[in-house]
Amino acid sequence: MQEKTRNFCGRTRREFLWETGCGFGAAALTSLLAGDGFGLLGGGTAQAADFDNPLAAKPAPLPAKAKSVIFLFMYGGPSHIDTFDYKPTMVGMDGKTIEVKTFGRGGHKNQGRIIEPRWKFRQYGECGKWVSELFPHLGGCVDDIAFLHSMTAESPIHGSAMLMMNSGRLQSGNPALGSWLNYGLGTVNENLPGFVVMLDRSGGPISGAKNWSSGYMPATYAGTVFRAEGSPINDLSLPAGSTRERQREVLDTLAGLNEQHRQSRVDNTDLAARIASYELAFKMQSHAPEAVDLSQETAATRSLYGLDQEQTRDFGTRCLLARRLVERGVRFIQVYSGGAHNDHNWDAHGDLVVNHTKHAGATDQPIAALLTDLKQRGLLDETLVVWGGEFGRQPTAEYAVGTGRDHNSFGFTMWMAGGGIKGGVSIGSTDEIGSKAVDAPMHVKRLHATVLRQMGLDPNGLSYFFRGLDQKLVGVEQVEPIAEIV
Amino acid sequence: MVGARLPLLFCCVFLVGALALIGPAFIENCAAQSAAEVSFVRDVKPLLARRCFACHGPDVGEGGLRLHGLESAVAELDSGSHAIVPGQPDESVMLTRIASEDEFERMPPEGKPLSGAEIEILRNWIAAGAPWEKHWAFVPPVAHELPIVDDEVWAQNPIDAFVLARLEDADLSPAPPADKRTLARRAFFDLTGLPPTNEQLEDFLADDDPRAWERLIGGLLESPHYGERWGRHWLDLVRYAETNSFERDGAKPNAWKYRDYVIRSFNEDKPYDQFLREQLAGDELDEVTEETIIATGYYRLGTWDDEPADPEQSRYDEWDNIISTTSQAMLGLTVECARCHDHKIDPIPQADYYGLLAFFADVTPYGVRGDEETNSQWDLSPPEERKQRQELRQAIKSIEVEKTSMEEVGIKRMTAPDQRQSETPDRQKLLDDKLEKFLNPSEWELYKETLARLAEAKQQLEKLPGADMVLALATCEPQPAATHIMQRGNPHVPGDEVQPHFPKLFGDAAPQIPASSPDAHSAGRRRVLADWIASPDNMLTARVVVNRVWQHHFGRGIVRSSSNFGELGTPPTHPELLDWLSLWFVEHNWELKSLHRLIMTSNTYRMSSAGNEKALAMDPTNDLLWRFDMRRLSAEEIRDAMLAVTGELNRDLYGPSIFPRMSQEVLNTQSMPGQGWGDSTEAESARRSVYIHLKRSLLPPLLTAFDFPDVDASCEARFVTVQPGQALTLLNSEYANERAEKLAERVAHERSDLSEQVARAVELALSRPATEAEIAAGKDLIARLDAKHDLAAREALRTWCLAVLNMNEFVFLD
């Protein structure tokens, strides 16, 4: 099936037309769409069906395990050794200055003062996974989770590391993971965006929209910021004072006017597409608000996600929305834990305990609820959940005094669950103090390759022609998905 | 044995990917279209590249076979036989192997076997003597005779002759001319990006002189709005933006002066070769002026990481950004692949990439964190003043260093959260509250003295007249270090040294670089490169720019991949015309306005956009130019046209960028909501879109909804998408609703009768009288809104105006 969608310079026909510029698209479609049941000089009234949605669902070229992805982005970089990467031999080392190579915001260092993990660990589940006290709820889900303890990234600096986790590159201008999935697979619900981003209440991450940009691909594939309150999407709400019925009157009149205009230009299918796009927009206006209407959820569900507690309400709401969006066929949903700067996110440079207590406290129950809820609804098998930040944190102190840890891209932990991922496994490891990955280091690209593969895409085959090159999310060189966890 | 079965190597994987873009369907189409005549460039080379090069190409020559060049392709193999024997398909082992039924014998070993059509292509090509043609773009333009056509009346200018000749060959006729009204709208948007005002339109319609059309074009070319429209095309190519991207996405001060330079250059009809020279080497020309210095802002437009994890990598990324932008925008070449290895398809070896880089070796990084001025801000004020200012700045900087180190002494004694706070915007507060406590008395005294000295120096600086700063190549490396080929593109693994040299595919003599004097500002290499690129003898520069001009007039270039004239690009639809235009352009002193005039006075440009069944069936993509293609307005045109028809448009030219209002929801996507976004007055906000501040991480949603490009990379052609988000924007956004309100105000002011008001809105928006049906539709909408929704007449009129601004005819041009 892949060739059918990728038969024109490695792109879908639509994209090929877009890339080659304006007028060409209009004319070229006439012939290209002729085979899809569009008469050359068809006439007749444009129907919604005429809208050749670039996000229309496409069959996955390879057998797919997952249909949707929820990426829980722990912005700022959670400390792996205080969460899921158990380092029992560090106990008792607190305050000791040791030789260790680190590289963070504060530059390269060769020694540092150990900060012992600040939380106790205990074992959970049949797999006996050691999890810190920060995640008592999530501890109950470990048998569904595959932990990746030897992640590495190319930068320990937020800006470039965020871009790498989101788009595979250190530089801006490249499509995000969600853009690639929508490009490769489309989305099954045309009434909702295919790539949704939900930001923390405190603000966006640094570099803002660059993190969900479609880069060199059309903006169709860019992430759409989705809000739990107010108008879920920009310009979705009717202008003040207007009503749906009134807008219907406008659309009817507009359709009539556009139809008159089209009659002498029927070979330009973009005109019909634009007429249809107004009907689709009208439908979106009712579908998107319905998707965020949490009053449809039972009290038990709301409570499961922690909506009844101040601490967990915000992130819990977004996790619950993520589940509702998955149910409605949204392809890729990114939920940010943490926003803005400093301790508004996981960037614990100052007081590790205060910082991580706050962010783990806000997310532990909602994430556990999300996994549990997806599972009980039979959705976990087809929903891939990814957890992690742009990097981890160092075993040593950043300052002469205090518990703050600097960034660490030499080794950190992420985890995946659902969507065909094996539960109860842990792969890779860092050294005894978590300073770097030692066993089976895994570049961020391996994670991306795994996500694409679980979604039925070939990470080394999915490409987009730009700048004289077949660009890929995973880059030029072959990248293998992480076989041990599928 | 032609090839051994080995696993694909890493480097080959890229190759297979890069070549997958020539889809099988494409090949089959070609074969079906022209079974008899096989084109090496179009049919054979892509096929070889896609299916064979991985093991028998530039990198690997398994079994002794390399298919990327004629000599190696026909050479004797390790086995003693020959893969290709020109003229003798039956002797050619390649054909036996690809057609073999035996799975272990058949080539290629990986993937699906070649299709019958593909095998036939190769067979026909070998039978025809395996001709190995040079790629069309890598042969200098040839002066072609004007073709002879039947309809000499229609072919009134050379462009028409070239276009008509192909149409007549295909037994097609050109579309009839468009009516005057359509033409006027077409020309106004095309040259200025704005619709005609009613007066301008009436003047033209009333002008019966046969030269009325020429006069109209002449007038539009003299309008300063011409530079705003055509300058923006250039800004797309040089990925113009006013911030650096990355974590802080900090502003590039004075970037707007470069934008104004571009607009002015277009308005003054600066010869294109000079325009390129100024941007590439404005600081190295015989006559360096303020204008040419501002032009070197060209080097400062890209993204820049102020906190790179790997500074060396970042440095080379910056160079790569300049090389790829320059080569794509000016030469129509994509050379970036050669950063890591020889280009797989185009004859661009890795040495040529670094040969180009060597020309830019004196280009310093944009800045270092904390100093974005030294390298990138050029002070144009008088030398004496500048010197004083520099000295004071230097003094301030060193006192600040002293001050900071004293503060750090105290901070190091504080708690971790306080230390953390010292790195935040709250640092000053921390110092005010606590520093004294953590310094001993003598340290504190010294600190206070330093503060006093700092204040004094700052005061002196303030007394000097303000600097006249511009974004430019302010500091260069006059004696740059040697340039090396970086193995696999890794900046930490230098290989052989390279000298600045032109890509070998041009076949030009080695550059002569004058030795730079010890006190030189720069290395003098960019001037040599600029002269070579902007030379009439450069076989690509003129072709690339005339093709772009054509692209913006007709919606697509003669070469559709207008920044890629290489072998992976699309071949020209009218190669002779392209050559003819490029030679004509150079003869006419590289003047763009002459070229516009030539193109727009052709009959080709004046054709109607109407379809006809025969032509649509034969040439649905209008490759042969049997009609003028409709186009959707660009993002800027849509916004500017709205302002124009409501009468709000502020036509002020040039100056610092504007910050139209952005909704809080949009600002909230930033990590510091509102940071880096200003607040312009209503009048300023009604200026043209080209003046909107371009912040890389916060592009205006109204523009991006309509395919404003990503500003991190050179953009050769905008996407044209149709999506429901655009409908939401034009129906629901505050911006669209405000414009509808202003339009309603205007028509209510200008006309008293409801019918006339309804009609007037259409007339203003679409540059034509409203039809009876439209007036009826408008009145009917207003009546329904009144009857069913109890909407006041004025509000109903506003709603009608909103509908008009949403019409297809408002955003699509015939």
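Predicted, not measured: the structure shown is a model, and the values here were computed from it.

Peer 1: In this structure, what is going on with the overall build of chain A? I would like to understand it.
Peer 2: In terms of regular secondary structure, chain A is built from 12 helices and 19 strands. In chain A, which comprises 486 residues, the share counted as buried stands at 63%. Residue pairs at least 24 apart in sequence account for 75% of intrachain contacts in chain A once pairs closer than 6 positions are excluded.

Peer 1: How should I be thinking about the interface of chain B and chain A in this particular structure?
Peer 2: How big an interface is tends to be stated in terms of the accessible area lost upon association of its parts. Contact with chain B, which involves 97 residues of that partner, is made by 103 residues of chain A. Taken together, the residues that form the side of chain B that touches chain A break down as 42 nonpolar, 33 polar and 22 charged.

Peer 1: How do you make sense of the pairing of strand β7 (residues 195–198) of chain A when you look at a structure like this?
Peer 2: One face of the sheet, then the other: side chains in a regular strand alternate in exactly this way. All names here are of chain A. Alternating positions in β7 separate into two faces, F195 and V197 on one and V196 and M198 on the other, with burial throughout. Pairing analysis gives four bridges linking β7 to strand β9 (residues 332–337), with the strands arranged parallel. Looking at β9, one finds that F195 is bridged to F332. Sheet analysis places β7 next to strand β8 (residues 224–225), joined by two bridges and oriented parallel. Of the residues in β8, the one forming a bridge with V197 is V225.

Peer 1: Help me understand unusual backbone geometry, please; the structure alone is not making it clear to me.
Peer 2: Most of the time, phi is negative for any residue but glycine, and the peptide bond is trans. Between M107(B) and P108(B) the backbone carries a cis peptide bond, its omega angle lying at -10°. In this fold, P108(B) is placed in the loop between α6 (93–99) and α7 (116–127). One non-glycine residue with positive phi stands out, namely S207(A), at about 70°. Tracing the backbone through its elements, the reader meets S207(A) in the loop between β7 and β8. For S207(A), a count of 24 C-beta atoms within 10 Å corresponds to the buried category. Non-glycine residue D269(B) carries a positive phi angle of around 55°. Here D269(B) lies in the loop between α13 (255–267) and α14 (272–281). Look at D269(B) and you get partly exposed, because 19 C-beta atoms sit within 10 Å.

Peer 1: How do you make sense of the environment of D273(B) when you look at a structure like this?
Peer 2: Residues and elements named next belong to chain B. Checked against the element boundaries, D273 lands in helix α14. Take D273: there are 21 C-beta atoms within 10 Å of it, and that puts it in the buried class. Between the C-alpha atom of D273 and that of E716, which follows or precedes it by 443 residues, the distance is 19 Å. The residues contacting D273, other than those within four sequence positions of it, are A534 and W590.

Peer 1: What exactly am I supposed to notice about helix α6 (residues 177–185) of chain A here?
Peer 2: Given 3.6 residues per turn, any residue in an α-helix points the same way as the ones three and four places further on. All names here are of chain A. Taking burial as the measure, the nine residues of α6 include nine buried ones, the bulk of the element. When we look at burial in α6, the residues that qualify are L177, G178, S179, W180, L181, N182, Y183, G184 and L185. In this fold, the buried residues of α6 make contact with β1 (68–74), α5 (158–167), β7, β9, α12 (444–454) and β18 (464–466). The positive-phi residue at the C-terminal boundary of α6 is G186, with phi of around 65°.

Peer 1: Just to check I follow, could you spell out the confidence of the model for chain B for this structure?
Peer 2: Note: predicted coordinates in regions of low pLDDT should not be interpreted at a detailed level. All names here are of chain B. Chain-level pLDDT for chain B is 91 on average; 96% of the residues reach the 70-or-more range. Low pLDDT (under 50) marks residues 1–36, which in the prediction has 79 contacts with non-local residues, meaning those over four places away or in another chain. This prediction of the complex comes with two scores: 0.87 for pTM and 0.86 for ipTM.

Peer 1: Mind showing me how you'd approach the packing of helix α12 (residues 225–237) of chain B against α13(B) here?
Peer 2: A pair of packed helices can be characterised by two numbers: the angle between their axes and the separation between those axes. Residues and elements named next belong to chain B. Two numbers describe how α12 lies on α13: the axes approach to 8 Å, and their chain directions differ by 120°. With respect to α13, the axis of α12 lies oblique. As α12 runs across α13, the sense of the crossing is right-handed. Judged by residue contacts, Y226, G227, E228, W230, G231, W234 and L235 of α12 engage R259, V262, I263, R264, F266 and N267 from α13. Its residues assigned to classes, the contact of α12 with α13 comprises seven nonpolar, three polar and three charged.

Peer 1: What am I meant to see in the environment of A761(B) here?
Peer 2: All names here are of chain B. The residue A761 is located in helix α33 (residues 754–766) in this model. In this structure, the C-alpha to C-alpha distance between A761 and G778, residues 17 residues apart in sequence, is 9.9 Å. Residues within four places of A761 in sequence aside, it is in contact with L743, V747, W800, C801 and V804.

Peer 1: How should I be thinking about the pairing of strand β11 (residues 392–397) of chain A in this particular structure?
Peer 2: Residue and element names in this part refer to chain A. Most of β11 is tucked away, with six of its six residues classed as buried. Here three bridges tie β11 to strand β12 (residues 405–408), and the two strands are oriented antiparallel to one another. Each bridged residue has a counterpart across the sheet, and for R393 the counterpart in β12 is H407.

Each value, and the rule that gives it
- Residues numbered from 1 in each chain as written.
- Chains lettered and ligands numbered in written order.
- Predicted model: local features only at pLDDT ≥ 70, side-chain atom pairs only at ≥ 80, totals over all residues.
- Helix = DSSP H or I, 4+ residues; strand = E, 2+ residues; numbered from the N terminus.
- Buried ≥ 20, exposed ≤ 12 C-beta atoms within 10 Å, placed from the backbone.
- Contact = placed C-beta atoms within 7 Å.
- Nonpolar A, V, L, I, M, F, W, Y, C, P; charged D, E, K, R; others polar.
- Pairing = 2+ DSSP bridges.
- pLDDT = per-residue confidence, 0-100.
- Axes fitted to C-alpha atoms, helices over the stretch in contact; angles between N-to-C directions.
- Parallel < 35°, antiparallel > 145°, perpendicular 65-115°, else oblique.
- Left-handed = near helix turned anticlockwise from the far one by under 90°.

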